[in-house]
Amino acid sequence: MRYGLIALLFAALPARGDDWPQWMGPNRDGVWAETSLLAKLPEAGPKVLWRAPVQLGYAGPAVAGGKVYVTDYVVKSGDTEAAPTKKNDVDGTERVLCMDSKSGKVLWTHEYPCKYKISYPGGPRCTPTVDGDRVYTLGAEGNLCCLDANTGKVRWARELKKDYKCEAPLWGFCGHPLVDGDRLHCLVGGDGSIAVCFDKNTGKEIWRALSAKEPGYCPPTMISAGGTKQLIYWHSDAVCSLDPATGKQHWSIPCAPKYAMSIMAPRQSGEYLFAGGIGEEGVLIKLASDRPAAELAWKGKKDNAMYPANSTPVVVGDIMYGVDCMPGALRAVRLPSGDRLWENFAAVTGKKAPHGTSFLVRNGDRFILFTETGHLLFAKLTPQGYEEVSRWKMLE
């Protein structure tokens, strides 16, 4: 099975556009600073500069330094049926591909044999993280690699399941690695090792922390509050704040979504931090201003906040825009009240559909949305409502 990796919007860009070096962009906040995009999408779509075939995968591409990095999975045997709770046995090869951003030519490939025993065994989940001359990748079964960004040569590699005596979560390893100075933060698993910090240059462990029923799927997130940087992990039981340098825990607020589906990266709005997931389980956390401490402001209710599953919301000031998984609606929510301002289905599947998904990127005063129906949208999202500018049916 193949899909086309397409350089969609470069037709309107200069030779080098603003990079997208990791999951959710340069600052992991869903904001793209590029200023030379098309004003609206032509009905027939923008000019396609190239397409390149890749195999199975759920991970998005990273673009940095004139190169595109993407991971995929080449199946040798086994059933890749996407069943919600069934762990399939699949044998294959995980790959990291590096392509030239102008031509789509494959510059190098790194691959390794990898047997899957997870639900939705259709490839890696984590977008590569590009940091200077290194690229970090995390496979669905916990293969963590540091590769030379120019050649694909292995700088170092770890097998998280083996090293930390843990199993892959039901839906695989999904926590996009986070670079912080000389440290690399990863969501792992096992007793006392939900959060693990590595030396990004050598792969040597610096510290490990936290235990939980399950690790969940939420990527590590860095915030600034209480006069310091705080490293946020949301595992299956609670949202936790750690000292990035030592792993010492500052605070913990219970938040346990159904099926251990802690997925969205908690979003900060001023002195508040929000996390929410399936089962209408959500919390608004008030962050102390003078020290790394926090308290529960409120727990979410059925008729307020939002409860994402597959994509992380984007915050603009005190407004959070994102997709609530169970009705499948794009919603606007005001923080800190949690009041829902509006909902819209056209930007997701066009109708009420549980687990409906759209991915949001903010670009200036508009948003770019990619829906699970294969539509690419330009739209304006404001506290007053949703205004669609243009749409293109990109793929089936």
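Treat the numbers as computed from the prediction; the structure is a model and nothing was measured. (Residues numbered from 1 in each chain as written. Predicted model: local features only at pLDDT ≥ 70, side-chain atom pairs only at ≥ 80, totals over all residues. Heavy atoms only, no water.)

S.K.: Help me understand the side chain of His 375 in this model?
M.R.: Among the secondary structure elements, His 375 is positioned in strand β29 (residues 375–382). When its relative accessible area of 17% is taken as the criterion, His 375 is described as buried. Side-chain polar atoms of His 375 contact the side chain of Thr 373, separated by 2.8 Å. Apart from residues lying up to four places away in sequence, His 375 is in contact with Leu 369, Phe 370, Arg 391, Trp 392, Lys 393 and Met 394. (Helix = DSSP H or I, 4+ residues; strand = E, 2+ residues; numbered from the N terminus. Buried < 20%, exposed > 50% of the residue type's maximum accessible area, 1.4 Å probe, protein only. Polar contact = N/O pair within 3.5 Å; in protein donor to acceptor, adjacent residues only side chain to side chain. Contact = heavy atoms within 4.5 Å.)

S.K.: So what exactly am I meant to see when it comes to the sheet that holds strand β23 (residues 314–316) here?
M.R.: What holds strands together in a sheet is hydrogen bonding between their backbones, with the strands either parallel or antiparallel. In space, the four strands of this open sheet follow the order β23-β24-β25-β26, with antiparallel pairing throughout. Each having just a single partner strand, β23 and β26 (339–344) make up the two edges of the open sheet. Recorded for the sheet is a direction-independent mean angle of 25 degrees between the axes of neighbouring strands. Both strand β24 (residues 319–324) and strand β25 (residues 329–334) contribute to a ladder of six bridges, which runs antiparallel. Residue pairing across strands places Gly 322 opposite Arg 331, the latter belonging to β25. (Pairing = 2+ DSSP bridges. Axes fitted to C-alpha atoms, helices over the stretch in contact; angles between N-to-C directions.)

S.K.: Teacher, can you tell me more about the pattern of salt bridges here?
M.R.: Once their charged atoms are close, side chains differing in charge can pair, the charge on each being opposite to the other. If you walk through the whole model with that rule in mind, you get 20 salt bridges. Taking the shortest distance from any N to any O, the salt bridge between Asp 133 and Arg 134 comes out at 3.4 Å. On the basis of relative accessible area, Asp 133 is assigned to the partly exposed category, the value being 36%. Asp 180 is the salt-bridge partner of Arg 183, the closest N and O atoms lying 3.1 Å from each other. For Asp 180, a relative accessible area of 9% gives the class buried. One network of salt bridges, in which partners are shared, links Asp 133, Arg 134, Asp 148 and Arg 155. (Salt bridge = Lys/Arg side-chain N within 4 Å of Asp/Glu carboxyl O.)

S.K.: Is there a simple way to think about the sheet that holds strand β14 (residues 205–209) in this case?
M.R.: Ordered by their spatial adjacency, four strands build an open sheet running β11-β12-β13-β14, and the pairing between neighbours is antiparallel. Since the sheet does not close on itself, it has two edges, and those belong to β11 (178–180) and β14, each with one partner. Strand-to-strand, the axes of this sheet are offset by a mean angle of 20 degrees, without reference to chain direction. Alignment of strand β12 (residues 183–187) against strand β13 (residues 195–199), held across five bridges, turns out to be antiparallel. Counted as the bridge partner of Leu 187 is Ala 195 from β13.

S.K.: Any chance you could explain the packing of aromatic side chains here in plain terms?
M.R.: Each aromatic ring pair is summarised here by two numbers: the centre-to-centre distance and the angle between the ring planes. For the structure on display, the rule yields nine aromatic pairs. Judged by centre distance (6.3 Å) and plane angle (75 degrees), the ring pair of Tyr 164 and Phe 198 falls under edge-to-face. Note that Tyr 164 is positioned in the loop between α1 (160–163) and β11 and Phe 198 in strand β13, a separation of 34 residues in sequence. With relative accessibility at 0%, the residue Phe 198 sits in the buried group. Here the aromatic rings of Tyr 321 and Trp 342 are separated by 6.2 Å at their centres, their planes lie at 35 degrees, and the arrangement is tilted. Placement of Tyr 321 in strand β24 and of Trp 342 in strand β26 is noted, with a sequence separation of 21 residues between them. By relative accessible area, which is 2% here, Tyr 321 ends up buried. (Phe/Tyr/Trp six-rings, centres within 6.5 Å; stacked < 30°, edge-to-face > 60°.)

By themselves, these are just geometric observations and shouldn't be taken as functional.
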